[in-house]
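# Structure at a glance
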Amino acid sequence: MVKNNYEIALRRYHFFLYFRIIMENKVRAILDSLNDEQGKAVQCTEGPVLIVAGAGSGKTRVLTSRVAYLLAQGVEPDRVLALTFTKKAAGEMKERIALMVGGYKARRVVMGTFHSVFVRFLRDWAGPLGYPQQFTIYDQSDSTAAVKAAIKELNLDDTVYKPRDVLSRISSAKNNLITVGAYRADRGAIQADTYSKKPRIVDVYERYQQKLRQSGVMDFDDILVNMNILLRDNPQALQSIASRFSYIMVDEYQDTNYAQYLIIKKLAQGHRNICVVGDDSQSIYAFRGAQIQNILNFKKDYPECRLFRLERNYRSTPNIVEAANSVIEHNAGRIPKKCYAQGDPGEKLKLIRAFTEQDEAMEIVSAIQKRMRSDGAAYQDFAILYRTNAQSRALEEQLRRRNIPYVVYSGNSFFERAEVKDMLSYFKLVVNPLDEESFKRVVNKPARAIGDTSVKALIAAALAHGTSLFRAAFLDDLEQFGLRSAAVLKIRAFCAMIDSLHQKVSSTGAYDLAREIADKSGLYALYKEDTSIEGQARFANVEELVNSVASFEEDCREEAEGAEDIFTLDDFLENVSLLSNVDIVDEEDTNNKVALMTVHSAKGLEFPYVFVSGMEENLFPSQNMLLSQKDIEEERRLFYVAITRAGKAVSLSYAGTRMRNGRHESNSPSRFLREIDSQYLDRPLEDDSFGVSGAFGSGGGFGRSGFAQSAHPSHRERWAPPAHVAAGGYARPPKPSSESRRPEAARSPISSVPAQSKPAYTPDPDFEPLPMSEFRVGQRIEHNRFGPGEILDITGKIPELKARVRFDKLGEKLLLLKYAKMRLEK
DNA sequence: AAAGCGGTACTTTTT
DNA sequence: GTACCGCTTT
């Protein structure tokens with residue numbers, strides 16, 4: 001007996017030793033792949049930790065290793081919370097952790113985006129917060145539509161109260177946890193709104209919130225606001241949620257806003273094991289409330305915190321890193337750090353100068369093909385980045401022309417299609433019948449003889465009773481709002497259909513229910529019967545959406561490893577609503593394809609070869625960002641992000657003219673190009689490349705008399721005109737301004753001389769306006785629709801030039817030249 | 001009630 | 001140049 005016990009104890013001890021050796025091996029394996037500083041950061045698990053991680057410094061490696069290290073120390077996976085900005089980032093980290101500690105443990109780590117993790121908690125506490133358990137989430141376009149509806153209900157002019165602007169105002173209020181009441185009490189905010197001639201924004205805010213409430217819906221910001229409310233007002237919830245975790249990690253901390261900051265603070269206040277990772281130089285989301293202060297002030301909140309700096313860049317060549325450094329040094333108030341790379345300095349950054357955006361695109365495509373031959377690179381090694389989504393067009397055209405496979409990372413592709421939105425609205429409405437925007441969208445799709453008039457009356461009834469459209473449908477005083485009994489019956493039939501589907505949500509698999517909705521709603525049949533080419537494409541999209549429900553369900557089952565959960569449509573919706581641009585693209589879709597995306601979307605990604613296109617003033621930096629020094633610094637960080645995506649080579653391109661909003665625009669090369677230390681560029685940037693002088697001959701050639709010839713169409717096609725021609729032709733050729741010559745001035749032109757920074761060209765008030773094109777008074781023209789005629793006179797200011805035309809058949813008409821489809825008569 | 005037209009605004013970035 | 005809105009027409 002004694003011996004037996006002894007043996008057991010010995011065995012246990014052996015097992016313990018054995019176990020320890022395995023663990024030590026695991027730990028060693030984890031730490032072996034790290035440099036000194038990374039290793040320290042990984043092992044410093046207790047207490048607050050700030051990791052300032054430069055671009056390409058192995059930030060993800062540190063984060064994943066740190067989680068793996070914690071698990072190897074015996075920490076239970078579900079006590080670790082890791083927050084990221086995109087699902088893609090979270091997914092990749094999970095995969096890497098799984099490689100280190102196995103999938104079983106890795107999957108149990110609570111890892112996801114702020115929004116998706118918090119939504120889970122909010123579901124558990126939906127009741128106390130006054131939401132239905134199956135609340136749904138409004139995306140940007142739903143929110144905008146709801147704001148618009150709120151504006152209309154308040155009888156405000158939606159051309160003054162532009163829904164997008166109002167929403168962004170409301171959004172920043174929410175991101176700073178300013179409720180409607182606090183907003184009303186905030187004299188500064190009210191004054192600002194009054195000053196911008198929109199004093200009733202706060203009323204719209206109030207109405208908008210009411211609508212969301214009645215609809216049982218949260219917008220993106222509400223997820224954060226409600227999380228804060230929950231943690232503030234519900235001690236039980238705070239206790240339950242905060243005590244679940246003993247370690248918290250936050251990625252991209254520089255991009256957190258106040259609401260997120262406060263949630264993290266509350267969750268960490270017990271154990272203070274909070275590790276945040278970020279790079280102040282890569283803070284690019286101020287427009288959605290991100291506060292760079294959060295990372296700068298981390299030390300103030302956690303005085304005992306340890307700081308680790310990851311300064312060695314493993315991604316990029318020294319030339320790229322130094323070029324990026326030289327740019328970011330133009331910003332004030334950064335966390336001091338010196339990023340560096342070792343090894344072969346690599347190629348210098350390449351400048352590409354083109355006449356038009358098409359030329360620019362061609363140059364880029366040629367460079368890609370050349371590079372593939374010289375370096376044996378594959379398509380997926382390339383990324384083309386740009387400031388605005390609209391710029392992808394010209395690039396796509398050229399890529400298609402040369403049969404180069406590419407993938408565009410952008411939100412407005414699949415999920416923005418009308419037919420997909422219709423189907424999704426049905427899904428949302430079935431999950432949450434109170435959802436007003438979804439209700440309005442699909443109530444008469446396919447046609448059920450429930451027209452605008454009926455819907456308007458129903459809205460009035462809902463408004464009067466302070467309830468949702470769905471509930472309003474069953475009121476018994478609907479006649480008072482002008483609804484005929486036939487219409488009421490049809491509406492109620494629709495609601496009954498939705499309700500019967502709604503009953504099945506929690507008991508039916510997502511895919512089965514999706515199919516049933518597609519059938520019962522009649523949407524499937526509606527799209528199927530349209531046999532036109534576009535109709536077939538629409539049908540295919542609806543099919544694809546429904547199929548994606550199936551693959552979602554499969555993914556979930558795989559993840560759950562046979563646990564007998566059923567995955568329902570509300571799970572699917574939640575997942576879809578919180579996808580980011582980079583999440584939407586299928587992994588298989590990126591195989592051997594050139595990637596196109598905005599610089600914002602590119603954050604966190606890397607490619608061997610990066611092209612940054614549209615390096616022009618007013619585009620990058622954006623013209624909307626030229627007003628304040630703060631904004632310029634954010635644009636500069638954005639440019640920094642762009643450059644540091646590259647491993648081997650960076651090409652920066654700019655065009656002399658490009659089409660924007662249907663007009664040709666000319667801009668000089670971006671100031672950021674001038675900010676790159678010239679020793680890292682393959683050639684010096686011409687001081688006077690575009691829009692100023694030089695390239696097209698200075699001054700004389702484009703005077704008043706010179707304009708008539710240069711504006712001839714054939715001439716214009718070959719030679720991109722400098723700015724003063726494209727801008728309308730009546731401005732003087734600018735004198736080479738001192739601003740473009742002096743780098744010091746270029747660094748801070750805004751704060752010192754705001755007047756000079758914007759209009760590079762002063763219009764001559766005495767000069768008679770000429771049309772920007774070939775049209776003259778007295779000329780005969782031919783209009784696409786109105787036929788032949790004669791130009792009587794031309795009035796108005798650029799760009800609103802109007803031509804009075806007497807048409808031979810139709811008489812006089814006033815046409816806006818920039819839109820009129822007419823040409824000189826042959 | 002749907003389709004078709006003309007007018008208007010739009011392009012900064014996104015969870 | 002396009003997407004969207006609201007008005008008009010059938």
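Residues numbered from 1 in each chain as written. Chains lettered and ligands numbered in written order. Predicted model: local features only at pLDDT ≥ 70, side-chain atom pairs only at ≥ 80, totals over all residues. Heavy atoms only, no water.

## Things to note about the overall build of chain A
As a reminder of what qualifies: The helix and strand labels rest on DSSP assignments: H or I over at least four residues marks a helix, E over at least two residues marks a strand, and numbering proceeds from the N terminus. Throughout, a contact is declared for two residues whenever any of their heavy atoms are within 4.5 Å. Shrake-Rupley sampling with a 1.4 Å probe provides the accessible areas, and residues are treated as covered by the protein chains on show and by no other component.
Helices and strands together make up the secondary structure of chain A, namely 40 helices and 20 strands. Pairs at least 24 apart in sequence give 73% of the contacts found in chain A among residues at least 6 apart. For chain A, the exposed area adds up to about 38,400 Å²; of that, 50% sits on carbon and sulfur atoms.

## Looking at the pattern of salt bridges
Quick reminder of the rule: Every case where a carboxyl oxygen of Asp or Glu lies within 4 Å of a side-chain nitrogen of Lys or Arg is listed as a salt bridge.
Tallying each qualifying case throughout the model produces 45 salt bridges. The closest approach of N and O atoms between Lys174 and Asp219, which form a salt bridge, is 2.8 Å. Of this pair, Lys174 sits in helix H9 (residues 163-175) while Asp219 is found in strand E5 (residues 217-219), placing the two residues 45 residues apart along the sequence. Salt bridges sharing common partners tie together Glu153, Arg207, Lys211, Glu436, Glu437 and Lys440.

## Let's talk about a nonpolar patch on the surface
Spelled out, the test is: Nonpolar side chains (Val, Leu, Ile, Met, Phe, Trp, Tyr) within 5 Å and like charges within 9 Å form the patches, drawn only from residues with over 30% relative accessible area and no salt bridge.
On the surface, Tyr13, Phe16 and Leu17 cluster together to form a nonpolar patch covering roughly 290 Å² of accessible area. When you line up the elements, Tyr13 lands in helix H1 (residues 2-32).

## Brief notes about the packing of aromatic side chains
Put simply, the rule reads: Only centres within 6.5 Å qualify two rings of Phe, Tyr or Trp (six-membered ring in Trp) as a pair; their planes then separate them into stacked at under 30 degrees, edge-to-face at over 60, and tilted for everything else. A 1.4 Å probe rolled over the protein chains alone gives each residue an accessible area, and that area as a share of the maximum for its type sets the label: buried under 20%, exposed over 50%, partly exposed in between. Each ring is checked for a lysine NZ or an arginine CZ that lies within 6 Å of its centre and within 35 degrees of its normal; such an atom marks a charge sitting over the ring.
Enumeration over the complete set of coordinates arrives at 20 aromatic pairs. With 5.0 Å between their ring centres and 25° between their planes, Phe382 and Tyr609 make a pair best called stacked. Note that Phe382 is positioned in strand E10 (residues 382-386) and Tyr609 in strand E13 (residues 607-612), a separation of 227 residues in sequence. Each member of the pair, Phe382 together with Tyr609, is buried. Taken together, the aromatic side chains of Phe85, Phe114 and Phe118 make up a single cluster linked through ring pairs. Positioned above the aromatic ring of Tyr104, the side-chain terminus of Arg108 is 3.9 Å from the ring centre. Of note, Arg123 hangs over the ring of Phe135, and the distance from its end group to the ring centre comes to 4.3 Å.

## Description of the sheet that holds strand E6 (residues 247-250)
Sheet strands pair by backbone hydrogen bonding; their relative direction is either parallel or antiparallel. Convention followed: Paired strands are those between which DSSP finds at least two bridges. Only the stretch in contact is used when fitting a helix axis, every axis being a line fitted to C-alpha atoms; angles between N-to-C directions are given from 0 to 180 degrees.
Strand order in the open sheet made by the six strands is E3-E2-E6-E7-E1-E8, with parallel pairing throughout. The sheet terminates laterally at strand E3 (110-113) and strand E8 (306-310), the two strands that pair on one side only. On average, each strand axis in the sheet is inclined to that of its neighbour by 15°, with strand direction left out of account. Note that strand E2 (residues 80-84) and E3 share four bridges and pair parallel. By the bridge assignment for E3, Leu83 is matched with Gly112. Lying on the sheet, helix H2 (residues 36-43) is in contact with strand E1 (49-53) and E8; it crosses E8 at an angle near 145°. Its contacts with the sheet put helix H6 (residues 114-124) on E2, E3 and E6, and the angle it makes with E3 is roughly 120°.

## Here we look at helix H28 (residues 533-560)
Going by this rule: Working rule for helices: expected span equals 1.5 Å times residues minus one.
The end-to-end C-alpha distance of H28 is 41 Å, a good match for the 40 Å that 28 residues give at a rise of 1.5 Å each. Of all the positions in H28, only Gly535, Phe539, Asn541, Val542, Leu545, Val546, Val549, Ala550, Phe552, Glu553 and Cys556 are classed as buried. Where H28 is buried, its residues contact helix H21 (418-431), helix H26 (510-520), helix H27 (523-528) and helix H29 (569-577). Directly after H28, the chain includes Glu561, whose backbone phi takes a positive value near 50°.

## Remarks on the nonpolar core
Stated formally: Here, nonpolar core means buried Ala, Val, Leu, Ile, Met, Phe, Trp, Tyr and Cys residues that are tied together by side-chain atoms lying within 4.5 Å of each other.
Counting residues in hydrophobic clusters, the biggest one holds 56 residues, and the most contacted among them are Phe427, Phe494 and Leu569. Here Phe427 is in contact with Ala514, Ile517, Leu545, Val549, Leu569, Phe572 and Leu573, once residues within four sequence places are set aside.

## Thoughts on the side chain of Asn313
Where we set the bar: Pairing of N or O atoms within 3.5 Å defines a polar contact, subject to two protein rules: one partner must be a possible hydrogen donor and the other a possible acceptor, and residues neighboring in sequence count only if both atoms are side-chain atoms.
Here Asn313 lies in the loop between E8 and helix H18 (318-328). Reaching out from Asn313, the side chain makes a polar contact with the backbone nitrogen of Arg315 at a distance of 2.6 Å. Sequence-distant contacts of Asn313, defined by excluding residues within four places in its chain, comprise Ala55, Gly56, Ser57, Val321, Tyr340 and Ala341.

## Details of unusual backbone geometry
At the junction of Lys445 and Pro446, the peptide bond is cis and its omega measures out at 0° in the coordinates. Tracing the backbone through its elements, the reader meets Pro446 in the loop between helix H22 (436-442) and helix H23 (452-465). With an omega dihedral of 10°, the bond running from Phe620 to Pro621 counts as a cis peptide bond. Relative to the assigned elements, Pro621 resides in the loop between E13 and helix H32 (629-643). In this structure, Arg272 is a non-glycine residue whose phi angle is positive, near 60°. With respect to the helices and strands, the residue Arg272 is situated in the loop between helix H15 (258-268) and strand E7 (274-278). A positive phi is found at Ala449, a non-glycine position, where the angle reads about 60°. If you trace the backbone, Ala449 turns up in the loop between H22 and H23.

## Some points on a negative patch on the surface
The condition is simple: Counted as positive: Lys and Arg. Counted as negative: Asp and Glu, with His and the chain ends omitted from the count. Throughout, a charge is located at the NZ atom of Lys, the CZ atom of Arg, the CG atom of Asp or the CD atom of Glu.
Together, Glu554, Asp555, Glu558 and Glu559 make up a region of like negative charge exposed at the surface. You can see Glu559 is positioned in helix H28.

## As for the state of the cysteines
This is how the line gets drawn: Disulfide: a pair of cysteine sulfur atoms within 2.5 Å of each other.
For the coordinates displayed, the defined rule picks out zero disulfides. Left unpaired, Cys275 is separated from the closest cysteine sulfur, that of Cys44, by 8.3 Å. Of all cysteine sulfurs, the one in Cys275 lies closest to Cys339, which takes part in no disulfide; the gap is 18 Å.

## Remarks on the confidence of the model for chain A
Going by this rule: In predicted models, pLDDT denotes the confidence assigned by the predictor to each residue on a 0 to 100 scale.
Scored by pLDDT, chain A has a mean of 82; 83% of the residues are at 70 or more. Mean pLDDT across the elements of chain A bottoms out in helix H39 (residues 749-752) (27) and peaks in E13 (97). For the stretch residues 688-770, pLDDT sits under 50, and the model shows 123 contacts to residues farther than four places along the chain or on other chains.

## Details of the environment of Gly58
Within the secondary structure, Gly58 sits in the loop between E1 and helix H3 (59-72). The exposure class assigned to Gly58 is partly exposed, which follows from its relative accessible area of 22%. Considering only alpha carbons, one finds Gly58 and Ser601, 543 residues apart in sequence, at a separation of 19 Å.

## Points about the environment of Pro318
Inspection of the secondary structure puts Pro318 in helix H18. Judged by relative accessible area, Pro318 falls into the buried class, the value being 14%. Counting along the chain gives 362 residues from Pro318 to Tyr680, while the straight-line C-alpha distance between them is 9.5 Å. Those residues in contact with Pro318 that lie beyond four places of it in its chain are Ala341, Gln342, Gly343, Asp344 and Pro345.

## A short note on the packing of helix H13 (residues 220-233) against H15
Counted only if it meets this: Handedness of a helix crossing follows the sense of rotation of the near helix relative to the far helix, less than a right angle counterclockwise being left-handed and clockwise being right-handed. Under the convention adopted here, Pro, Cys and the residues Ala, Val, Leu, Ile, Met, Phe, Trp and Tyr are nonpolar, Asp, Glu, Lys and Arg are charged, and Gly plus all remaining residues are polar.
The geometry of H13 relative to H15 is characterised by a closest axis approach of 9 Å and an angle of 35° between their N-to-C directions. Relative to H15, the crossing made by H13 is left-handed. From H13, Leu224, Met227, Asn228, Leu231 and Arg232 reach across to H15, where they touch Ala259, Gln260, Leu262, Ile263, Lys266 and Leu267. When the residues that make up the contact of H13 with H15 are grouped by side-chain class, the tally is seven nonpolar, two polar and two charged.

## Some points on H2
Structural remark: α-helix, 3.6 residues per turn; residues separated by three or four positions point the same way. Our working rule: The directions considered for the arc are those from the helix axis to the C-beta atoms.
All of the buried residues along H2 are Gln38, Gly39, Ala41 and Val42. One side of H2 holds all its buried residues, which, seen down the axis, span an arc of 165°. N-capping of H2 is provided by Asn35, with a side-chain oxygen placed 3.2 Å from the backbone N of Glu37.

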